[in-house]
Amino acid sequence: MKITKSHTAQYTAPSNIALVKYWGKQAHQIPENASISFTLKKCLTNTRIVVTPKLNEKQFIQVFFEGKMNEKFVPKIQKMFHEIHSILPWILSIDVEIHTENTFPHSSGIASSASSMCALAACLVDIHGQVYGIEQEQLNHILISEIARLGSGSAARSVYPRIALWGHVNSIKHSSNKYAIDINEILHEHFADYCDAILIVSNKEKSVSSTAGHSLMKNNSYATARYAQANKNCEKLISILQSGDEQAFVTLVEREALTLHALMMASEPSFMLFESETIQIIKSIQAFRRETNLSLCFTLDAGPNVHILYSKRIKKEVEYFIETQLKPFCYEGRVLYDELGLGIEKIKI
Ligand code: DP6
């Protein structure tokens, strides 16, 4: 299948923060365990792509990141195109120009692969609809999620509003390792207005890429137990999200974050991704919670920055605490205040 003319599409896609972490994968981006994440609102990637029939034997992929040509992203996109060839048969017969930018600061240390791969997947599925004359409404989010997964695992979850589940769990019928699904129907109102304050401890690039990190799980002695625990935590979190039990939420989410870092410390070679400020922030949050009984909790990606999750009901108290007590631990006092958002959005061009 070849395309005969030029096509273009533009989407924004959000970043997401995992509550139960994906850490460990098999071939073709099949996760070793299920994961659940909150979708963010303000941390977005905006991507426009233009595809044209391929001129030469070699495929021409050009990426412009924030207006400047950037070759760093090309190998990952090339790999993704080969992976999705069986789903989008025209993908290797095109030349492509990708224009992409993030709403969050370039050097904030926030992983952008979830939002960028999800935005790219949404554009590609849109163009698939144009090529085959399929109405946009009929192109489903599951297809976008599956393609996003083949670009970056966590990107599969960025498609949906507020909350997504990726990976098979017994209690959710249509859950799958191939794509994420929308689980908004289980979300208790206590969690529907959650905020995420992202405390930037360091703006440096990650010292271990996610892909390298996942592969370290292959020889990690705790791997089998971890995958079983993560699947169990997904089941537990689903019932917590249904019941609205914020205390149980705090316990589970913090344990997941610390387990992710414990796994990295126990890998060979070992990685310690905390900075001393990360630990000071975590301890301050725990002390503040003891003093106030407010249900706020922290979570972490594979890096030193800290995400603080809390309901809008306690926004005033938590944000005063962050501004007065935690900001000094942040790189240049940087905090990004985000909240649950609505997933991908098509931009009319
Ligand atoms: C720690 O999705 O970035 O953020 O599939 O290799 O692109 P690749 O990895 P990636 O891994 C994310 C790991 C994590 C946890 C999570 O988001 O679930």
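What you are looking at is a predicted structure, and each value in this text was computed from that prediction instead of being measured.

S.K.: What exactly am I supposed to notice about the overall build of the protein here?
M.R.: If you tally the helices and strands in the protein, you get nine helices and 14 strands. Relative to the 2.2 N^0.38 estimate, which gives 20 Å for 349 residues, the radius of gyration of the protein is 20 Å and therefore close to what a compact globule would have. Seen through its C-alpha atoms, the protein measures out along the principal axes to roughly 65 × 45 × 40 Å. In the protein, buried positions account for 55% of the 349 residues. Across the protein, the fraction of contacts at a sequence separation of at least 24, relative to all contacts at a separation of at least 6, is 75%. Element-wise, carbon and sulfur atoms account for 52% of the exposed surface of the protein, whose accessible area totals about 15700 Å². Taken together, the 36 basic and 35 acidic charged side chains of the protein have centroids lying 3 Å from each other.

S.K.: Looking at this structure, how should I read the nonpolar core?
M.R.: A general tendency of soluble globular proteins is for nonpolar side chains to be buried together. Of all hydrophobic cores here, the largest spans 44 residues; its most connected members are I49, F81, I84 and L124. Elements with a minimum of two residues in this core: β1 (7-20), β4 (35-53), β5 (61-65), α1 (74-84), β7 (94-102), α2 (113-132), α3 (141-151) and β8 (163-166). Here this core gets 10 residues from one element, more than from any other, and that element is α2. Ignoring anything within four residues of it in the chain, the contact list for L124 reads I49, M80, F81, I84, L88, W90 and I91. In terms of nonpolar packing, the next biggest core, distinct from the first, is built from 36 residues, I110, Y179, I181 and Y194 among them.

S.K.: Help me understand the pattern of salt bridges in this model?
M.R.: Side chains that carry opposite charge are capable of pairing whenever their charged atoms lie near each other. Evaluation of the coordinates by the stated rule reveals nine salt bridges. The salt bridge involving E256 is made with R226; its shortest N-O contact spans 2.8 Å. Here E256, found in helix α7 (residues 246-265), pairs with R226, found in helix α6 (residues 223-243); they are 30 residues apart in sequence, far enough to count as distant. Residue class for E256 comes out buried when judged on its relative accessible area of 0%. Connected through salt bridges with shared partners, the residues K41, K312 and E339 form a single ionic network.

S.K.: Can you walk me through the site of the ligand in this structure?
M.R.: In the region of the ligand, 18 residues are neighbours, and Y22, K25, S152, G153 and S154 sit closest. At a separation of 2.7 Å, an oxygen atom of the ligand approaches a polar backbone atom of G153. Within the contact set of the ligand, an oxygen atom lies 2.7 Å away from a side-chain nitrogen or oxygen of S154. The protein chains hide 95% of the 460 Å² of surface that the ligand would expose on its own. Considering only residue class, the shell around the ligand consists of five nonpolar, eight polar and five charged.

S.K.: Just to check I follow, could you spell out α2 for this structure?
M.R.: Because each turn of an α-helix spans 3.6 residues, side chains separated by three or four positions end up pointing in the same direction. With 20 residues, α2 extends 28 Å from end C-alpha to end C-alpha; this agrees with the ideal 28 Å at 1.5 Å per step. For α2, the tally of buried residues reaches 15 of 20 residues, placing the bulk of the element in the interior. After α2 finishes, the residue G133 shows a positive phi value of roughly 65°.

S.K.: Explain the packing of aromatic side chains to me, please; I cannot follow it from the model alone.
M.R.: Aromatic ring pairs: the centre-centre distance and the angle between the two ring planes describe each pair. Applying the stated rule across the entire model yields eight aromatic pairs. Clustering of aromatic rings is evident, with ring pairs tying together F38, F191, Y194 and F249.

S.K.: I'm lost on the pairing of strand β11 (residues 297-300) in this one. Help?
M.R.: Moving residue by residue along a regular strand, the side chains alternate between the two faces of the sheet. Side chains of β11 alternate between two faces, with C297 and T299 and F298 and L300 buried alike. Of the strand pairs in this sheet, β11 and strand β12 (residues 306-311) are connected by four bridges, and their pairing is antiparallel. Paired with L300 across the bridge in β12 is V306. From the end of β11 to the start of β12, which pair antiparallel, there are five residues.

S.K.: Any chance you could explain helix α8 (residues 276-292) here in plain terms?
M.R.: In a regular helix each residue adds 1.5 Å, so 17 residues correspond to 24 Å; α8 covers 24 Å between its end C-alpha atoms and thus fits that length. Inspection of α8 places T278, I281, I282, I285, F288 and R289 among the buried residues, and these make up the whole buried set. Buried residues of α8, viewed axially, fall in a sector of 130°; they line one side. With respect to the buried face of α8, the exposed residues turned more than 90 degrees away are K283, R290 and E291. Where α8 is buried, its residues touch β10 (194-199), α7, β11, β12 and α9 (315-326). Looking one or two residues past α8, N293 carries a phi angle of roughly 65°, positive in sign.

S.K.: Is there a simple way to think about the sheet that holds strand β13 (residues 335-339) in this case?
M.R.: Backbone hydrogen bonds are what pair the strands of a sheet, in a parallel or an antiparallel way. A sheet is described by the order of its strands in space; here four strands give the open sequence β11-β12-β10-β13, paired in antiparallel fashion. At either margin of the open sheet sits one strand with a lone partner, and together these are β11 and β13. Taken pair by pair, the neighbouring strands of this sheet meet at an average axis angle of 25°, ignoring direction. Strand direction decides the pairing type here: β10 and β12, joined by six bridges, are antiparallel.

S.K.: It is not clear to me how the packing of α8 against α9 should be interpreted in this structure. Could you clarify?
M.R.: At their nearest, the axes of α8 and α9 sit 12 Å apart, and the two run at 135° to each other. One element, α8, and the other, α9, form an angle in the oblique class. When the axes of α8 and α9 are compared, the crossing they make is right-handed. Counted together, I281, S284, I285 and F288 of α8 and E317, F321 and L326 of α9 form the full contact between these two elements. When its residues are assigned to classes, the contact of α8 with α9 shows five nonpolar, one polar and one charged.

What counts and how
Residues numbered from 1 in each chain as written. Predicted model: local features only at pLDDT ≥ 70, side-chain atom pairs only at ≥ 80, totals over all residues. Heavy atoms only, no water. Helix = DSSP H or I, 4+ residues; strand = E, 2+ residues; numbered from the N terminus. Rg over C-alpha atoms; globule rule 2.2 N^0.38 Å. Buried < 20%, exposed > 50% of the residue type's maximum accessible area, 1.4 Å probe, protein only. Contact = heavy atoms within 4.5 Å. Areas by Shrake-Rupley, 256 points an atom, 1.4 Å probe, with all protein chains shown as cover. Lys, Arg positive; Asp, Glu negative; His and termini not counted. Charge placed at Lys NZ, Arg CZ, Asp CG, Glu CD. Core = buried A, V, L, I, M, F, W, Y, C linked by side-chain atoms within 4.5 Å. Salt bridge = Lys/Arg side-chain N within 4 Å of Asp/Glu carboxyl O. Near = heavy atom within 4 Å. Polar contact = N/O pair within 3.5 Å; in protein donor to acceptor, adjacent residues only side chain to side chain. Nonpolar A, V, L, I, M, F, W, Y, C, P; charged D, E, K, R; others polar. Expected span 1.5 Å × (residues − 1). Phe/Tyr/Trp six-rings, centres within 6.5 Å; stacked < 30°, edge-to-face > 60°. Pairing = 2+ DSSP bridges. Arc of directions from axis to C-beta. Axes fitted to C-alpha atoms, helices over the stretch in contact; angles between N-to-C directions. Parallel < 35°, antiparallel > 145°, perpendicular 65-115°, else oblique. Left-handed = near helix turned anticlockwise from the far one by under 90°.

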